[in-house]
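# Architecture and fold: a report
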Amino acid sequence: HAISCAALPASLLESELFGHVRGAFTGAVRDNPGHFRLANKGSLFLDEVAELDLAVQAKLLRVIETREVLAMGALRPRLVNIQLCTASHRNLRQEVSSSRFREDLYFRISSPSVTVPLLRQRLEEIPWLIQLALRSIPERLSVHSLLVEQCLLRVWPGNVRELLAEVRAAAH
């Protein structure tokens, strides 16, 4: 399972992550198990974890420490067994220093850590990424060497997402 912490409003994020029972709040017309329970015995990827507000961070820390999820409005927590993976484009150490990210949560999720180099630092991937972008286009287009050459010369501040979007747009 994967969830983007930046894509959901803070008011829905807690319910989406931890679940809720019917009647827990206005509009909760049915039970929602939440992503933690749905990912039980598997993996959960939290993209843009730095976007979580401090209250949700505290609840996330509790789930990590106890392996129990308490859905909103529920009386008893449920055990979960998951592998948690997180990502952020922000420097979490700086977020901790600025009091925007809980230090105790940081130490729970920061190891092991993988830093993905910027696209301009791994130019050898560009031809493959161009082919990947073109696979999503219904027409079968071949990759011209001038396109690859121009892509290799560009800085790509938006990294892979920018490259894929530009190639798809150029193909249309």
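Just above, that's the structure.
Let me begin by describing the structure that accompanies this report.

Moving on to the nonpolar core. Counting 26 residues, the largest nonpolar core has L17, F18, F36, L52, L60 and F101 as its most contacted members. Contributing elements (two or more residues each) for this core: α1 (10-18), β2 (42-47), α3 (54-66), α4 (92-97) and α5 (103-109). Per element, the largest residue contribution to this core is five residues, and it comes from α3. Beyond its immediate sequence surroundings of up to four residues, F18 is in contact with P33, G34, F36, V56, K59, L60, V63, V69, L70 and A71. Within the second largest apolar cluster, 14 residues are counted, among which are I126, L129, I130 and A133.

Locating S15 in the fold gives a position in helix α1. By relative accessible area, which is 5% here, S15 ends up buried. For S15 and N32, which are 17 residues apart along the polypeptide, the C-alpha to C-alpha distance reads 7.7 Å. Sequence-distant contacts of S15, defined by excluding residues within four places in its chain, comprise H20, F25, N32, G34 and M72.

A few words now on the state of the cysteines. Note on terminology: a disulfide is the covalent bond linking the sulfur atoms of two cysteines. As enumerated under the stated definition, the model contains zero disulfides in all. C85 takes part in no disulfide bond, and the closest cysteine sulfur to it belongs to C5, at a distance of 12 Å. A relative accessible area of 43% means that C85 is categorised as partly exposed.

Turning next to the packing of aromatic side chains. If you walk through the whole model with that rule in mind, you get two aromatic pairs. Relative to F107, the ring of Y106 lies with its centre 5.2 Å away and its plane at 70°, an arrangement referred to as edge-to-face. One residue, R154, lies across the ring of W156, its end atom 4.2 Å from the ring centre.

Helix length check: helix α8 (residues 159-171) (13 residues) gives 19 Å between terminal C-alpha atoms against 18 Å at 1.5 Å per residue, within 8%. Those residues of α8 that fall on the buried side of the exposure criterion are E162, L163, L164, V167 and A171. Looking at the buried residues of α8, the elements they touch are α6 (126-135) and α7 (145-153).

As a further point, take the pairing of β2. The pairing of strand β1 (residues 2-4) with β2 spans three bridges and is classified as parallel. Opposite I3, over in β2, you have L46 as the bridge partner. Inspection of the sheet shows β2 paired to strand β5 (residues 82-87) by six bridges, in the parallel sense. By the bridge assignment, L46 is partnered in β5 with T86.

Thresholds, definitions, all that
Residues numbered from 1 in each chain as written. Predicted model: local features only at pLDDT ≥ 70, side-chain atom pairs only at ≥ 80, totals over all residues. Heavy atoms only, no water. Core = buried A, V, L, I, M, F, W, Y, C linked by side-chain atoms within 4.5 Å. Buried < 20%, exposed > 50% of the residue type's maximum accessible area, 1.4 Å probe, protein only. Helix = DSSP H or I, 4+ residues; strand = E, 2+ residues; numbered from the N terminus. Contact = heavy atoms within 4.5 Å. Disulfide = S-S within 2.5 Å. Phe/Tyr/Trp six-rings, centres within 6.5 Å; stacked < 30°, edge-to-face > 60°. Lys NZ or Arg CZ within 6 Å of the ring centre and 35° of its normal. Expected span 1.5 Å × (residues − 1). Pairing = 2+ DSSP bridges.

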